[in-house]
Each structure stands twice: as structure tokens, then as C-alpha cells.
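Topology and contacts: notes
Residues per chain, in single letters:
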Amino acid sequence: MQDQRISRWYFGGIASCGAACCTHPLDLIKVLLQTQQEVKTRMVGMAVHVVRSDGVLALYSGLSASVCRQLTYSLTRFAIYETIRDKMAGGTQRPMPFYQKVLLAAFGGLAGGFVGTPADMVNVRMQNDVKLPPELRRNYAHALDGLVRVWKKEGIRKLFSGASMASSRGALVTVGQLSCYDQVKQLVLGTGLMTDNLVTHFLASLIAGGCATILCQPLDVLKTRLMNSKGEYKGVVHCLLDTAKLGPKAFYKGLVPAGIRLIPQTVLTFIFLEQLRAHFGIRVITST
């Protein structure tokens, strides 16, 4: 018999919020790069432009929406994945097969992506406001204000604009992050060379972040364009074809800043999650 701790259903959401607060400026730069019609500015140039135009605090534009998104999107996907995974383990130390982890992560990501779509759309709009002329800015005071104004002015359907894209992206990100993290951690611990410590968590989350970045980038570009549109796209296919006109590289526009944002966010999320689990998790007795 062995004493161990498992995560509570809401730990993933809390950990993701903490990570989002640390990486939000990188997320903002990524959105600004993706919404360019032509590649005019690179990552550093965009950051300098934002700071010069609106000050350092502008890098945290839309932070409330980012936190709101994590409390819907990430809370849902982590809750589904970790709760079902732990239930299926049934008190044993036998790990799930990788294909089951992938399927479970995809399902959790689809659900989380749909639930988090309204907050995600407001997040994209608040971040993109920074590069618009003052007269064209939406000027949402915070995430709740943005959600209410979109609902009143554009209808509830607009809140779920790009939901299919966000759900698909959520599935890919969750597969890349959660299932890959669990699998890499399992393989690393299986070698007997490393223990379940901070170094192991860092290594597994670093690899998982890279997998998630590569998997989701094309959908991330399309999702950002759809959510930031003002009616110029008729749907996902129209957005896909319009983006394709810019060339194959357009689907990986902002890949470097996406990786620079998503990989540290993944690392921080899992480090925070593992610490929450170790100190505040549910104590269970497992059979050896």
C-alpha cells in the first residue's frame, strides 16, 4: 500500500490562471501578430510598438478576459481529464494506455473549448484593441463588460463565434499538453533515473508544450481571425480559404511567439498544478 495525493477537480483552473498572469504579454503579442493581414512587424518590433504607443501596462491589456478564459476553458478540460483519469485508475498504480489519454484529452479539450469561447473571443478583442486607432477601439472595461456588451449589441450567437474552431483547437492543445505530459512523465519515471520532482515536471511539461504548439498553431491562427472579424468572414471555410491566399506560412504566422508563450505557460501550469496536488491534493491509498 502506498500513500499519494491526487488533484482536486478545480486545481487545473487555478494553475492555469497563475500561468496566464505570467505569460499574458506574450499572448498579447501573439494575437497582434496573427491578426496582421501582411507580415509587417516581428515579435520584438510589435512589443516595442505597443509599449511606445500605449505604455508598459498595455502589454496586460485583456488580462481579466484571459483569467476568465482560464476559469472556463482550462477549468473544464482539466476537470474532465483528471477526474475521469483518476476514476479509471481505480486506486491502482496502473497507468492508462496512451491512446486512452489522447481520447480523453481530446474530449476534455472539445468541451473546454466550447465553454471558454465567449471569454476567449473577448480576450482576443481586448488584446487587439491595442493596435487599433482610438476611434475604432471597442474599449471593454473588463471581461464581464465585454461579454455583456457583445451579448446586448451582437447577440448571444456572436459570443460563440468561432466555437467550432475554438473547440477543435482546445482538443489539440489538450492532447498536446495533458496526454503528452502524463505520458512523458510516466516514461521518465519508468527509467528509474529520475523521481517525481520539480526537474521531472519541468522536463515533461517542456516537451508537452512543444507538442501542443505544433499541433494547434494552424487552428489558432484561424480561430484568432474568426473571433476578431467584424463580419468579413462567412464561416470557417471562408476564413480558411482567405488565409490560404496568403500562402502556407500564414497558418504558422506567430509560431515563434506562440511557442514562446505556450511552452512557458505549459511549464508553469504543470509546475503550479503539481505543487497544488502535492500540498493540497486529496490523499488516497493505492495498492502496489
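Everything that follows concerns the structure shown earlier in this document.
Owing to the predicted nature of the structure, the values given are computational and were not obtained by experimental measurement. (Residues numbered from 1 in each chain as written. Predicted model: local features only at pLDDT ≥ 70, side-chain atom pairs only at ≥ 80, totals over all residues. Heavy atoms only, no water.)

Turning to the nonpolar core, a few remarks are in order. Within the largest apolar cluster, 19 residues are counted, with the highest numbers of intra-cluster contacts made by F78, Y81, L104, L178, Y181, F270 and L273. A per-element tally of this core places helix α8 (residues 163-190) first, with six residues. Setting aside residues up to four positions removed in sequence, L178 forms contacts with R77, F78, Y81 and F270. (Core = buried A, V, L, I, M, F, W, Y, C linked by side-chain atoms within 4.5 Å. Buried < 20%, exposed > 50% of the residue type's maximum accessible area, 1.4 Å probe, protein only. Helix = DSSP H or I, 4+ residues; strand = E, 2+ residues; numbered from the N terminus. Contact = heavy atoms within 4.5 Å.)

Another point: empty space enclosed by the protein. The final tally for this structure, using the stated rule, is three cavities of 30 Å³ or more. Of the pockets and cavities examined, the largest cavity occupies roughly 170 Å³. Residue lining of the largest cavity: 22 residues in total, with R69, Q70, R169, R261 and Q265 positioned closest to the centre. Among the elements that make up the lining of the largest cavity, the one with the highest residue count is helix α3 (residues 63-89) (five residues). The class makeup of the residues in the lining of the largest cavity is five nonpolar, nine polar and eight charged. In this model, the second largest cavity occupies a volume close to 60 Å³. Lining the second largest cavity are R69, Y73, G112, G113, G116, T117, D120, A166, R169, G170 and K223. Among the residues forming the lining of the second largest cavity, the class breakdown is two nonpolar, five polar and four charged. (1 Å grid on protein atoms, 1.4 Å probe; cavity = no way out; pocket = protein on both sides within 12 Å on 5 of 7 lines; lining within 4 Å. Points joined across faces, edges and corners; volume = space filled by probe spheres on them. Nonpolar A, V, L, I, M, F, W, Y, C, P; charged D, E, K, R; others polar.)

This next bit is on the packing of helix α5 (residues 117-128) against helix α6 (residues 143-154). Contact geometry for α5 and α6: axes closest at 9 Å, N-to-C directions at 100°. As summarised for this structure, α5 and α6 are arranged roughly perpendicular, according to the angle between their axes. The segment α5 lies against α6, with P118, A119, M121, V122, R125 and M126 engaging A143, G146, L147, V150 and E154. (Axes fitted to C-alpha atoms, helices over the stretch in contact; angles between N-to-C directions. Parallel < 35°, antiparallel > 145°, perpendicular 65-115°, else oblique.)

Let's shift gears to a nonpolar patch on the surface. Together, F114, V115, L144, V148, W151, I156 and F160 give the surface a local cluster of nonpolar side chains, amounting to about 660 Å² of exposed area. At three residues, the largest contribution of residues to the nonpolar patch is made by α6. Structurally, the position occupied by F114 is in helix α4 (residues 98-115). (Patch = residues over 30% accessible without salt bridge, like charges linked within 9 Å, V, L, I, M, F, W, Y side chains within 5 Å. Areas by Shrake-Rupley, 256 points an atom, 1.4 Å probe, with all protein chains shown as cover. Salt bridge = Lys/Arg side-chain N within 4 Å of Asp/Glu carboxyl O.)

On to the pattern of salt bridges, then. By the definition in use, this model includes twelve salt bridges. Salt-bridge contacts for D120 lead to R69; the nearest nitrogen and oxygen are separated by 3.1 Å. You can see D120 sitting in helix α5 and its partner R69 sitting in helix α3, a full 51 residues away along the chain. In this structure, D120 and R69 share a single accessibility class: buried. One salt bridge connects E154 with R125, and the closest N-O pair in it is separated by 2.8 Å. Of the two residues, E154 is situated in helix α6 and R125 in helix α5; the sequence distance between them amounts to 29 residues.

A few words now on unusual backbone geometry. One non-glycine residue with positive phi stands out, namely N139, at about 55°. Secondary-structure assignment places N139 in the loop between α5 and α6. For N139, a relative accessible area of 48% puts it in the partly exposed group.

A word on α4. Across its 18 residues, α4 extends 26 Å between first and last C-alpha, which sits within 8% of the 26 Å expected from 1.5 Å per residue. What α4 keeps buried is the set K101, L104, A105, G108, G109, G112 and G113. Down the axis of α4, the sector holding all buried residues measures 165°, keeping them to one side. Away from its buried face, by an angle of more than 90 degrees, α4 presents the exposed residues Y99 and L103. Against α3, α5 and α8 lie the buried residues of α4. (Expected span 1.5 Å × (residues − 1). Arc of directions from axis to C-beta.)

Don't take any of this as a statement about function, it's just geometry.
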